[in-house]
Amino acid sequence: MTKRINLISGPRNISTALMYSFANREDTKVVDEPMYAYFLNLTGDDHPAKEEIIDSQPKTMSGVKKELLFNKVDKPIYFIKGMAKHYVDIDLSFLLDLDNVFLIRDPSQLIHSFQKVIPNPVMSDLGLKLEWEIFSFLLEQGKEAIVIDSNIILSNPRKELDKLCEKLEIPFSDKMLKWDAGPIPEDGIWAPYWYAKVHQSTQFGKPNFNQPKLASSLQVLLNESYVYYNKLKEFI
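Basis of the calculations
Residues numbered from 1 in each chain as written. Predicted model: local features only at pLDDT ≥ 70, side-chain atom pairs only at ≥ 80, totals over all residues. Heavy atoms only, no water. Salt bridge = Lys/Arg side-chain N within 4 Å of Asp/Glu carboxyl O. Helix = DSSP H or I, 4+ residues; strand = E, 2+ residues; numbered from the N terminus. Buried < 20%, exposed > 50% of the residue type's maximum accessible area, 1.4 Å probe, protein only. Phe/Tyr/Trp six-rings, centres within 6.5 Å; stacked < 30°, edge-to-face > 60°. Contact = heavy atoms within 4.5 Å. Pairing = 2+ DSSP bridges. Axes fitted to C-alpha atoms, helices over the stretch in contact; angles between N-to-C directions. Left-handed = near helix turned anticlockwise from the far one by under 90°. Nonpolar A, V, L, I, M, F, W, Y, C, P; charged D, E, K, R; others polar. Core = buried A, V, L, I, M, F, W, Y, C linked by side-chain atoms within 4.5 Å.

**Q** Which parts of the structure should I look at to understand the pattern of salt bridges?
**A** Between side chains of opposite charge, a pair can form when the charged atoms approach closely. Applying the stated rule across the entire model yields eight salt bridges. As a salt-bridge pair, Glu-33 and Lys-81 come within 2.9 Å of each other at their nearest N and O atoms. In this pair, Glu-33 is assigned in the loop between strand E2 (28–32) and helix H2 (36–43) and Lys-81 in strand E3 (residues 77–83), connecting sequence segments 48 residues apart. Across the pair, exposure class does not vary: Glu-33 and Lys-81 are buried alike.

The following block contains the structure:
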């Protein structure tokens, strides 16, 4: 029986590097943001390669679940890299059949990075509130979930990935620590627009514990983000 690990992450995090880490294991198959087309088709948001993305994946959640979440996998482990912001108008009950991992990042760093791409981000762009809502649903259902922080992972990848694997009840592999530079076949077709830095990497980068100052116009968003970040961080 395949163990299905479902990563729920915010943007501008180490989610793609984590996908590369798992993809380098011999016992693991990965899938990149399987709900992206569903999200774009539903919301109409304008993203690079929007039409190509919509054409590349199932547009309905029933199709996503059948073809990309609960499809037949020829490996013991299936790693699903997903974005919290894609969880719009969704019955979350399917999460009860997955091993869920929530990836968070210090909001000041997250917003500082994100606003370079979208100058005036809102909470729905960041996904932190949605992460907390999804996590709360799992708590209410008595379903355990794992919370990890990107800077904690980066501070000691071997130690922290070993801990993550232990919680997931899978063996740790040294292959998770390094990978070949360049794209992988499992990249979504949006990779050329977002993955340049990861494609240049061969391992996890260094942590950054600085808290950059943000424009006053972003302070309300920052304060609200810390509310949900701190709630999730209590479960690390």
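Picking up where we left off.
**Q** Explanation requested: the packing of aromatic side chains in the structure shown.
**A** Where two aromatic rings form a pair, the distance of their centres and the angle of their planes describe that pair. Applying the stated criterion across every chain yields a total of 10 aromatic pairs. On the numbers, 4.8 Å between centres and 65° between planes, the contact of Tyr-36 with Trp-190 is edge-to-face. Residue Tyr-36 is found in helix H2, and its partner Trp-190 is found in the loop between helix H9 (157–168) and helix H10 (191–194); the two are separated by 154 residues along the sequence. Judged on exposure class, the residue Tyr-36 and its partner Trp-190 are both buried. Arranged with centres 6.4 Å apart and planes meeting at 15°, the rings of Tyr-87 and Phe-94 form a pair that is stacked. In this structure, Tyr-87 and Phe-94 share a single accessibility class: buried. Cluster of aromatic residues (ring-pair linked, three or more members): Phe-102, Trp-132, Phe-135 and Phe-235.

**Q** Whenever I open this one, the environment of Leu-7 confuses me. Can you help?
**A** Secondary-structure assignment places Leu-7 in strand E1 (residues 3–9). By relative accessible area, which is 0% here, Leu-7 ends up buried. Once residues within four sequence positions are removed from consideration, Leu-7 is found in contact with Ser-15, Leu-18, Phe-79, Ile-80, Lys-81, Gly-82, Val-101 and Leu-103.

**Q** For this particular structure, what's the right way to read the sheet that holds E1?
**A** Strands belonging to one sheet form pairs held by backbone hydrogen bonds; the direction of such a pair is parallel or antiparallel. With respect to topology, five strands assemble into an open sheet ordered E2-E3-E1-E4-E5, the strand pairing being parallel. Taken across any chain shown, the strands that pair with only one partner, and hence form the sheet edges, are E2 and strand E5 (146–149). Strand-to-strand twist across the sheet, computed as the mean angle between neighbouring axes with direction ignored, equals 20°. Strand direction decides the pairing type here: strand E4 (residues 99–104) and E5, joined by four bridges, are parallel. Paired with Val-101 across the bridge in E5 is Ile-146.

**Q** Can you help me understand the pairing of E3 in this one?
**A** Residues in a regular strand point their side chains to alternate faces of the sheet. Counting buried positions along E3 yields seven of seven residues, so the element is predominantly enclosed. Pairing of E1 with E3, which is carried by seven bridges, proceeds in the parallel orientation. Opposite Ile-8, over in E3, you have Gly-82 as the bridge partner. Bridge count between E2 and E3: five bridges; the pairing is parallel. Along E3, the bridge assignment pairs Val-30 with Phe-79.

**Q** How do you make sense of the packing of helix H7 (residues 128–140) against helix H12 (residues 219–233) when you look at a structure like this?
**A** Pairs of packed helices are described in terms of their axes, by the angle between the two and the distance that separates them. Contact geometry of H7 with H12 gives a least axis separation of 9 Å together with a crossing angle of 35°. Note on packing geometry: the crossing formed by H7 with H12 is left-handed. Taking contact as the criterion, the partners of Leu-128, Lys-129, Glu-131, Trp-132 and Phe-135 in H7 are, on H12, Glu-224, Ser-225, Tyr-228, Tyr-229, Lys-231 and Leu-232. When its residues are assigned to classes, the contact of H7 with H12 shows six nonpolar, one polar and four charged.

**Q** I keep staring at the nonpolar core and nothing clicks. Help me out?
**A** In a soluble, globular protein the nonpolar side chains are often hidden away together inside. Formed by 40 residues in total, the largest nonpolar core has its most connected members in Met-61, Tyr-87, Ile-90, Phe-94, Leu-95 and Leu-128. Elements supplying a minimum of two residues to this core: helix H4 (61–69), E3, E4, helix H5 (107–114), helix H6 (123–126), H7 and H12. Apart from the residues within four sequence positions on either side, Met-61 is in contact with Met-35, Tyr-38, Leu-69, Ile-90 and Phe-94. By size, the runner-up hydrophobic cluster in this structure holds 38 residues, among which are Met-19, Phe-22, Leu-161 and Ile-184.

**Q** Can you walk me through helix H1 (residues 15–23) in this structure?
**A** Since there are 3.6 residues in each turn of an α-helix, residues three or four apart along the chain are aligned in direction. With eight of its nine residues buried, H1 lies for the most part within the structure. Among all positions in H1, only Ser-15, Thr-16, Ala-17, Leu-18, Met-19, Tyr-20, Ser-21 and Phe-22 are buried.

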